[in-house]
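Below, each chain spelled out in residue letters.
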Amino acid sequence: MLEVDPAVEFVVNIPKAAIWQGSAIQILEEVGMAFGPLGHLMKAVAGRRDSEPLNGFVHPETSYFRTILSQHSNLYRLVRVTDLIYEFQRKNGPPLLVAGLNEYELAGSTIRAAVAQHGNVSIIFATNPNAWPTSDAYEVAESMGIELFHERRKFYQRLHVPS
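Quick look at the structure, then. (Residues numbered from 1 in each chain as written. Predicted model: local features only at pLDDT ≥ 70, side-chain atom pairs only at ≥ 80, totals over all residues. Heavy atoms only, no water.)

### Some thoughts on the overall build of the protein
- Helix and strand counts for the protein stand at six helices and seven strands.
- Principal-axis analysis of the C-alpha atoms places the extent of the protein at approximately 45 × 35 × 25 Å.
- Buried residues in the protein amount to 39% of all 163 residues.
- For the protein, the proportion of contacts with a sequence separation of at least 24, taken over those separated by at least 6, is 59%.
- With 14 positive and 17 negative side-chain charges, the protein shows a spacing of 8 Å between the two charge centroids. (Helix = DSSP H or I, 4+ residues; strand = E, 2+ residues; numbered from the N terminus. Buried < 20%, exposed > 50% of the residue type's maximum accessible area, 1.4 Å probe, protein only. Contact = heavy atoms within 4.5 Å. Lys, Arg positive; Asp, Glu negative; His and termini not counted. Charge placed at Lys NZ, Arg CZ, Asp CG, Glu CD.)

### Points about the pattern of salt bridges
- Applying the stated criterion to the full structure yields four salt bridges.
- The partner of Arg158 in a salt bridge is Glu147, with the nearest N and O atoms 2.9 Å apart. In this pair, Arg158 sits in helix H6 (residues 152-160) while Glu147 sits in strand S7 (residues 147-149), placing the two residues 11 residues apart along the sequence.
- For Lys154, the salt bridge goes to Glu151, with nearest N and O atoms at 3.9 Å.
- With a relative accessible area of 26%, Glu151 lands in the partly exposed category. (Salt bridge = Lys/Arg side-chain N within 4 Å of Asp/Glu carboxyl O.)

### Some details on the packing of aromatic side chains
- For the structure on display, the rule yields eight aromatic pairs.
- Ring plane angle 55° and centroid distance 5.0 Å describe the contact between Trp20 and Phe35, whose orientation is recorded as tilted. Residue Trp20 is found in the loop between strand S1 (10-12) and helix H1 (22-31), and its partner Phe35 is found in strand S2 (residues 34-36); the two are separated by 15 residues along the sequence. Here Trp20 and Phe35 have matching classes, each one buried.
- Through successive ring pairs, a cluster of aromatic residues spans Phe65, Tyr86, Phe125, Phe149, Phe155 and Tyr156. (Phe/Tyr/Trp six-rings, centres within 6.5 Å; stacked < 30°, edge-to-face > 60°.)

### Section: helix H5 (residues 135-143)
- Taken as a whole, H5 has its buried residues at Ala137, Val140 and Ala141. Down the axis of H5, the buried set is contained in an arc of 100°. They therefore lie on one face. In this structure, H5 carries Ser135, Glu139, Glu142 and Ser143 as exposed residues pointing more than 90 degrees from its buried face.
- Where the residues of H5 are buried, they touch helix H4 (108-118) and S7.
- Of the residues trailing H5, Gly145 is marked for its positive phi of about 75°. (Arc of directions from axis to C-beta.)

### Considering the environment of Trp20
- Under the relative-accessibility criterion, Trp20 is labelled buried at 11%.
- Trp20 sits 53 residues away from Ser73 along the chain, and the two C-alpha atoms are 27 Å apart.
- Of note is the side chain of Trp20, whose polar atom sits 2.9 Å from the side chain of Asn13. (Polar contact = N/O pair within 3.5 Å; in protein donor to acceptor, adjacent residues only side chain to side chain.)

### What to know about the side chain of His118
- Positionally, His118 belongs in helix H4.
- One polar contact links His118 to Thr82, side chain to side chain, over a distance of 2.9 Å.
- Ignoring anything within four residues of it in the chain, the contact list for His118 reads Ile19, Thr82, Asp83, Leu84 and Ile85.

### Notes on the environment of Pro6
- In this structure, Pro6 sits in the segment before S1.
- Sequence separation between Pro6 and Gly32 is 26 residues, and the spatial gap between their C-alpha atoms is 9.1 Å.

Dropping the structure here:
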């Protein structure tokens, strides 16, 4: 069991490229600690009064993607695998490993880097509503056996497909 100092509100991972494993995320969430790279800490601190705790901070991008997944009607259980990947356990159909990438211009190199760092996924959802994946991103995803979506409606439809 993790011994927790109640004065600690945020755990920062350095270097930025470090991966948060799902089990570590679960422990931190259970004890009420926020986490992330230094940039997330800076975002958490920005605009807060000194008396406001940081431990409730969830990066907006993470919150958005988790909300999208949690609201799906075919969701049985959502399991965090890493800070990027979720296992979407479905009521109908086998589980899917899904990742949300918020790049302004999602390129194939970003997909390759995410898979190299976090592991394979079944589906990537491009979460930035103001951007589109490049044609290279679609080609790379297809070559890696990953389905790439940028439209929420089509992404939601795919989560219903049993296979």
